[in-house]
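Architecture at a glance
Residues per chain are reported as follows:
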Amino acid sequence: MSDIKRNLERLRSKIPSGVKLVAVSKFQPVEALREAYDAGQRVFGESRVQELLGKIPLLPTDVRWHFIGHLQTNKVRQLIGAVSLIESVDSMRLLSLIDEESRKKDVRTRVLLQVHVAREETKFGFSPEELISFFDNRQFESLSHVSICGLMAMATNTSDKEVIREDFSIVHSLFTGLKEKLCGQMPRHRALEEFNQISMGMSSDWQIAVEVGATIIRVGSAIFGERHY
Ligand SMILES: *Cc1c(COP(=O)(O)O)cnc(C)c1O
């Protein structure tokens, strides 16, 4: 059995049902993705637009692609219609642009809003306060062609499990708080009908993320091995 297949089977045996596994295949050759596909994996995550668009025609059409990297506004148009979820929407400008390009192509694009909770300056994303005011001020009302399916986050890059757990807990309580705000609104605005997902946890910390309430985990090196940049 190949390493990839063995890694996937081991992971699947540990992940609770109801948690979706995204196989993060950035920088991996297409053969590695095919092995994962043959082992039953259907959801793949990529972080660069050109690499993703290059891989799509090389894999079967039932693969669902998640975009997980920082998305530059000049690349939005190419991505619309090609992916099943854009996990890394990190600004209002990007969100409006995705909405506008989706309207032009007459498609509805599913997205997650990326929250910045890590204690590093380098990570992209909204602050929890920005998201709370986005919901309170009903800034989503102008959106017609995106569906905001939940939140995405990365923990601080540390081996301190308690710090990681605190970061993930902030995301989970933010999510719960936002969901409560939605319950107060009937009927719920269409852009938020599917607000149900929390994507957090990678190879080194997915167990903690699942304990804290992740519904999507994004695992790369624990499936494919080290990346060759
Ligand atoms: C690369 C990446 C991952 C996967 O990281 P691993 O440590 O290889 O599991 C998850 N999420 C995002 C946003 C990434 O860029």
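Anything mentioned here points back to the structure above.
Residues numbered from 1 in each chain as written. Predicted model: local features only at pLDDT ≥ 70, side-chain atom pairs only at ≥ 80, totals over all residues. Heavy atoms only, no water.

1. Some thoughts on the nonpolar core
Ranked by internal contacts, the top residues of the largest apolar core, which has 67 residues, are Ile86, Ile98 and Leu151. Top contributing element to this core by residue count: helix α7 (residues 161–183), with seven residues. Beyond its immediate chain neighbours, meaning those up to four positions away, Leu151 contacts Leu112, Leu113, Val115, Leu131, Val171, Leu174, Phe175, Leu178, Phe195, Gln197, Ile198 and Ser199. In terms of nonpolar packing, the next biggest core, distinct from the first, is built from seven residues, Val22, Val43, Leu112 and Met152 among them. (Core = buried A, V, L, I, M, F, W, Y, C linked by side-chain atoms within 4.5 Å. Buried < 20%, exposed > 50% of the residue type's maximum accessible area, 1.4 Å probe, protein only. Helix = DSSP H or I, 4+ residues; strand = E, 2+ residues; numbered from the N terminus. Contact = heavy atoms within 4.5 Å.)

2. A short note on the packing of aromatic side chains
Tallying each qualifying case throughout the model produces six aromatic pairs. When the ring of Phe134 is compared with that of Phe135, the centres are 5.8 Å apart and the planes differ by 65°; the resulting orientation is edge-to-face. By relative accessible area, which is 1% here, Phe134 ends up buried. Ring centres 5.4 Å apart and planes at 65° place the aromatic pair Phe135 and Phe195 in the edge-to-face group. One end of the pair, Phe135, is in helix α6 (residues 128–136); the other, Phe195, is in the loop between α7 and β7 (197–199), and 60 residues separate them in sequence. A single burial state applies to Phe135 and to Phe195, both of which are buried. Grouping aromatic residues by their ring pairs yields a cluster made of Phe134, Phe135, Phe140, Phe175 and Phe195. Cation over ring: Arg42 sits above Tyr37, and NZ or CZ is 3.5 Å from the ring centre. (Phe/Tyr/Trp six-rings, centres within 6.5 Å; stacked < 30°, edge-to-face > 60°. Lys NZ or Arg CZ within 6 Å of the ring centre and 35° of its normal.)

3. Points about the environment of Val89
Mapped onto the elements, Val89 comes out in strand β4 (residues 85–89). A C-alpha to C-alpha distance of 9.7 Å links Val89 and Ile148, two positions 59 residues apart in sequence. Excluding its chain neighbours within four sequence positions, the residues that come into contact with Val89 are Leu94, Leu95, Ile98, Val111, Leu112, Leu113, Gln114 and Phe126.

No statement about biological role is implied by the geometric values presented.
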